[in-house]
Amino acid sequence: MTENTENPEIVIDTPEATEEAGEQQGRRGRGRGGNREGGEGRGRGRGGRDGNRGKREEEDDGIIEKLVHINRVSKTVKGGKRFGFAALVVVGDGQGRVGFGHGKAREVPEAITKATASARKKMIRVPLKEGRTLHHDGNGRFGAGKVTVRTAPPGTGIIAGGPMRAVFESLGVADVVTKSVGTSNPYNMIRATFDALSSQTSPKSVAQRRGKKVADLLGRGGASAAEAEADAAAIAE
């Protein structure tokens, strides 16, 4: 390769210079290509874990799956460390049925699959008022965690923390006010929330248990008979 003395910026290419530049570019290209392929592989791995955290998916059967928490644990063995993953998943149909489960495995996708299968087997039904909120207030407790759930008027939205929000979104509740005290452990928070939801009852179930009409129960508290009948007709299990 020779330089032009009149204009230093202009470079005159020769066959030898072209061949040498091609070899250098090929070596640099192979180096970058190897790093780029490795970077893409690592990016896909991180995206698979972080992208699924908190992601809500709906399958063909209408079940909503919500990944709440992933915990990585390590065990020191001869020759190094062995890593494992524990996943906490909440599932629901958005129409009054919800469940939770956890699973452990050596890989994240397998742990999520185990947790989802466990959650689907333990779904419970919660009666909803007008299909959007709870019928009455309730308290739940598990370990050191205490939660309070309250019914709310239309337009309130879901006022809840991360793990509890996942439960109510999967359940299909649109208006609710909650408070968690005592712990921020997602496992204890969800178990306390399910303890509060399991105590929810509807006026229809109470009337059937007591052998009365729903209007008779709603007629108390100063409401007229016509108002009680209208409220009873509007209540849906």
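The structure displayed is predicted, hence computed values, not measured ones.

**Section: the overall build of the chain**
Point 1. Along the chain, the regular secondary structure elements total 7 helices and 11 strands.
Point 2. Here the chain, with 237 residues, has 34% of them falling under the buried criterion.
Point 3. Partitioning the contacts of the chain with sequence separation of at least 6, the portion at a separation of at least 24 is 52%.
Point 4. Element-wise, carbon and sulfur atoms account for 48% of the exposed surface of the chain, whose accessible area totals about 14,500 Å².

**Here's the deal with the pairing of strand S6 (residues 97–105)**
Point 1. Both strand S5 (residues 80–92) and S6 contribute to a ladder of 8 bridges, which runs antiparallel. Among the inter-strand pairings, Ala86 is bridged to a residue of S6, identified as Lys104.
Point 2. Linking two consecutive strands that pair antiparallel, namely S5 and S6, is a turn of 4 residues; a positive phi of about 75 degrees is found at Gly94 within it.
Point 3. Examined bridge by bridge, S6 and strand S7 (residues 124–125) share 2 bridges and lie antiparallel to one another. Among the inter-strand pairings, Val98 is bridged to a residue of S7, identified as Ile124.

**Some words on the sheet that holds strand S8 (residues 138–142)**
Point 1. Strand order in this open sheet of 4 strands is S8-S9-S11-S10, and the pairing throughout is mixed. Strands with a single pairing partner mark the edges of an open sheet, and in this sheet they are S8 and strand S10 (158–159).
Point 2. For strand S9 (residues 145–151) and strand S11 (residues 176–181), the ladder comprises 6 bridges, and the chain directions are antiparallel. The residue bridging Val149 from the neighbouring strand is Thr178, located in S11.
Point 3. Across the sheet, helix H3 (residues 162–171) is in contact with S9, S10 and S11; its angle to S11 comes to roughly 150 degrees.

Calculation criteria
Sequence positions are assigned chain by chain, starting from 1 and proceeding in written order. Local features are withheld for residues below a pLDDT of 70 in this predicted model, meaning they are given only at 70 or higher, and side-chain atom pairs are given and counted only at 80 or more; totals for whole chains, interfaces and linings count all residues. The basis for the side-chain values is all heavy atoms of the structure; hydrogens and waters are excluded. Counting from the N terminus, the helices are DSSP H or I runs at least four residues long and the strands are E runs at least two residues long. Burial classes: relative accessible area under 20% of the type maximum marks a residue as buried, over 50% as exposed, and values in between as partly exposed (1.4 Å probe, protein chains only). By definition, residues are in contact when any of their heavy atoms lie within 4.5 Å. The protein chains shown are the only cover counted for residues, whose accessible areas, like all others here, come from Shrake-Rupley with a 1.4 Å probe. Should DSSP find at least two bridges between two strands, the strands are regarded as paired. An axis is simply a line fitted to the C-alpha atoms; with a helix, the fit covers only the stretch in contact. Between two such axes, the angle follows the N-to-C directions and lies from 0 to 180 degrees.

This is a description of form; function is not addressed.
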